[in-house]
Amino acid sequence: MSDQAVLHVKGRVLAGPRDDQVHDELWVVGGRITYDRPAGAGDVTTVEGWVLPGLVDAHCHVGLDAHGAVPDDVSEKQALTDRDAGALLLRDAGSPSDTRWIDDRDDLPKIIRAGRHIARTRRYIRNYAHEIEPEDLVAHVTREARRGDGWVKLVGDWIDRGLGDLAPCWPREAAEAAIAEAHRLGARVTAHCFAEDSLRDLVEAGIDCIEHATGLTEDLIPLFAERGVAIVPTLINIATFPGLAAGGEEKYPRWSAHMRRLYERRYDTVRAAHDAGVPVYVGTDAGGGLAHGLVAAEVAELVTAGIPPVEALAATAWAARSWLGRPGLEEGAPADLVVYEADPRADVRVLAAPHRVVLNGRVVS
Ligand SMILES: [Zn+2]
């Protein structure tokens, strides 16, 4: 022990959202957190400030850009950008790349994968998804559940070009069978849904989470709350809806108008869901059209929507980690933490400038 390097983290260690969960200090020994001062510590490095567990970006894509799969060196840059922004646990919401090699790198964020997106034929962004028909849904869910880390990602709705509007992708029976199979394999299921119409079927079919969820209406919110179905609003991505709507105006006016309505009520939707007890988590949707490293901007958006700052922090910190089954700042947990120069509970904009990022016990940034 005496020659082991020790990191001493002091200031305000926010191990939870409540005042009685705040500690004055912790130590990192062998890459893990301890609240007991190590005896005879050798080389001690000290960092000081307000400490949060490594932030969660619960909707992120590593290995993906606007055109599809990217080479490993680009995936590495994406992961490093998220890391330096303090996002140390990513739920990858679908990627065509095999990023399993990242798991062997202790300097890169931890990733919980959902395999590759599963979409209906010609009903999603090109080169992203397995594009299939309902009779093949169970087989693909089985495969992606085995490839991923406990999640499967469906595209629940998308523009139907014949209809000229957003429309559900899967018949109710196909979704039911697929979700049941995922659960049997120990995987949770989430779905991309912009509009209203796919939500009831998916929730009643037992889905665990909805991405974007802009179509959540007052009549559906109690159903989500009762069943504990989480939403990841990705508000910084929803901010692109007016631009998309303008681009599609001429060819698909109905779709454009629909996207604008969803955009205009986005803050009300998120606040109403939160107020009704629907679990809301932070996700940026980085990796498709959006840049990586924007976790702080999404937390700020949740606050703009009307979620109290400490709860918006919980949605990327303590609550998000617990939802994904990963520890926070507990005794013995891997030392993945972020240190700030001011109290993020007082102003979440503090998250935009981490003072130190510690991953697996090492100061990496
Ligand atoms: Zn996404």
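Residues numbered from 1 in each chain as written. Predicted model: local features only at pLDDT ≥ 70, side-chain atom pairs only at ≥ 80, totals over all residues. Heavy atoms only, no water.

J.: Describe the pairing of strand β18 (residues 337–340), with residues and values.
T.: Put simply, side chains in a regular strand alternate between the two faces of the sheet. Alternating positions in β18 separate into two faces, Leu337 and Val339 on one and Val338 and Tyr340 on the other, with burial throughout. Sheet topology places strand β4 (residues 44–53) next to β18; four bridges connect them, and they run antiparallel. In the strand pairing of β18, leucine 52 is matched with valine 338. In this sheet, strand β19 (residues 356–359) lies alongside β18 in antiparallel orientation, the contact comprising three bridges. Each residue of the ladder has a partner; that of valine 339, found in β19, is arginine 356. (Buried < 20%, exposed > 50% of the residue type's maximum accessible area, 1.4 Å probe, protein only. Helix = DSSP H or I, 4+ residues; strand = E, 2+ residues; numbered from the N terminus. Pairing = 2+ DSSP bridges.)

J.: Please give an account of the pattern of salt bridges that cites residues and values.
T.: Here the idea is simple: oppositely charged side chains can pair when their charged atoms come close. This structure, assessed with the given rule, holds 27 salt bridges. Linking aspartate 103 and arginine 113 is a salt bridge whose minimum nitrogen-to-oxygen distance equals 3.0 Å. Taken together, the residues aspartate 103 in the loop between β8 (87–92) and β9 (110–113) and arginine 113 in strand β9 connect sequence positions ten residues apart. Accessibility expressed as a relative area gives 39% for aspartate 103, which makes it partly exposed. Residues arginine 172 and aspartate 201 are paired through a salt bridge, measuring 3.1 Å at the closest nitrogen-oxygen approach. (Salt bridge = Lys/Arg side-chain N within 4 Å of Asp/Glu carboxyl O.)

J.: Run through the pairing of strand β12 (residues 151–155), naming residues and quoting values.
T.: Within β12, five of the five residues are buried, which leaves the element mostly enclosed by the surrounding structure. On β12, burial covers both faces: Trp151, Lys153 and Val155 on one face and Val152 and Leu154 on the other are all buried. As judged from the five bridges shared by β12 and strand β15 (residues 188–193), these two strands associate in the parallel manner. Looking at the pairing, valine 155 lines up with histidine 192 of β15.

J.: So what's going on with the sheet that holds β18? Residues and values would help.
T.: Picture the strands of a sheet paired through backbone hydrogen bonds; they go either parallel or antiparallel. Strand order in the open sheet formed by seven strands is β3-β2-β1-β4-β18-β19-β20, with mixed pairing between adjacent strands. Unpaired on one side and paired on the other, β3 (32–34) and β20 (362–363) mark the two borders of the sheet. Pairing between strand β1 (residues 6–14) and β4: eight bridges, direction parallel. Bridged to leucine 7 within β4 is threonine 45.

J.: Any details on the packing of helix α2 (residues 137–147) against helix α3 (residues 172–184)? Residues and values, ideally.
T.: To characterise two packed helices, one gives the angle between the axes of the helices and the distance between these axes. Where α2 meets α3, the closest approach of the two axes is 9 Å, and the angle between their N-to-C directions is 25°. One finds that α2 runs roughly parallel with respect to α3. By crossing handedness, the relation of α2 to α3 is classed as right-handed. Only Ala174, Ala175, Ala177, Ala178, Glu181 and Ala182 of α3 make contact with α2, whose side of the interface consists of Leu137, Val138, Val141 and Thr142. (Axes fitted to C-alpha atoms, helices over the stretch in contact; angles between N-to-C directions. Parallel < 35°, antiparallel > 145°, perpendicular 65-115°, else oblique. Left-handed = near helix turned anticlockwise from the far one by under 90°. Contact = heavy atoms within 4.5 Å.)

J.: Please give an account of the packing of aromatic side chains that cites residues and values.
T.: In total, this model carries six aromatic pairs according to the counting rule given. Between the aromatic rings of phenylalanine 194 and phenylalanine 241, the centroid separation amounts to 4.7 Å while the plane-to-plane angle is 70°, which identifies the pairing as edge-to-face. Taken together, the residues span a long stretch of sequence, with phenylalanine 194 in the loop between β15 and α4 (199–204) and phenylalanine 241 in helix α7 (residues 241–248) at a distance of 47 residues. Like phenylalanine 194, the residue phenylalanine 241 is buried in the burial classification. What links up through ring pairs into an aromatic cluster is the set Tyr124, Tyr128, Trp158, Phe194 and Phe241. A cation over an aromatic ring shows up here: arginine 91 above the ring of tryptophan 151, its NZ or CZ 4.6 Å from the ring centre. Here the guanidinium or amino end of arginine 266 rests over the ring plane of tyrosine 263, the centre of that ring lying 3.9 Å away. (Phe/Tyr/Trp six-rings, centres within 6.5 Å; stacked < 30°, edge-to-face > 60°. Lys NZ or Arg CZ within 6 Å of the ring centre and 35° of its normal.)

J.: Explain the nonpolar core residue by residue, including any values.
T.: Leu137, Leu154, Ile207, Ile210, Phe224, Ile231 and Leu302 are the most contacted members of the largest nonpolar core, which has 91 residues in total. With five residues, the single largest contributor to this core is α3. Dropping the residues within four chain positions of it, phenylalanine 224 is found in contact with Leu199, Val203, Ile210, Leu216, Val229, Ile231 and Val278. Membership of the second largest hydrophobic core comes to 15 residues, among which are Leu7, Leu26, Val28 and Val51. (Core = buried A, V, L, I, M, F, W, Y, C linked by side-chain atoms within 4.5 Å.)

J.: I'd like a description of the domain arrangement of the protein, backed by residues and values.
T.: What the domain assignment lists for the protein is domain 1 (6–52 + 328–363) and domain 2 (55–323). Of note, the centres of domain 1 and domain 2, computed from C-alpha atoms alone, are 30 Å apart. Taken residue by residue, the interface counts 22 residues in domain 1 and 20 residues in domain 2. In total, about 1800 Å² of surface goes out of reach between domain 1 and domain 2, with carbon and sulfur atoms giving 73% of it. Considering only the surface of domain 1 that becomes buried against domain 2, Val348, Leu351 and Leu359 emerge as the three largest contributors, covering 30% of it. In this assembly, domain 1 and domain 2 are joined by two salt bridges. In this structure, aspartate 106 and arginine 362 form a salt bridge, with 3.4 Å as the shortest nitrogen-oxygen distance. Inspection of the domain 1/domain 2 interface yields five residue pairs in polar contact (both at pLDDT 80 or more). Contributing elements (two or more residues each) for the side of domain 1 that touches domain 2: β18 and β19. (Domains from an automatic or database assignment. Buried area = accessible area lost by both parts, 1.4 Å probe. Polar contact = N/O pair within 3.5 Å; in protein donor to acceptor, adjacent residues only side chain to side chain.)

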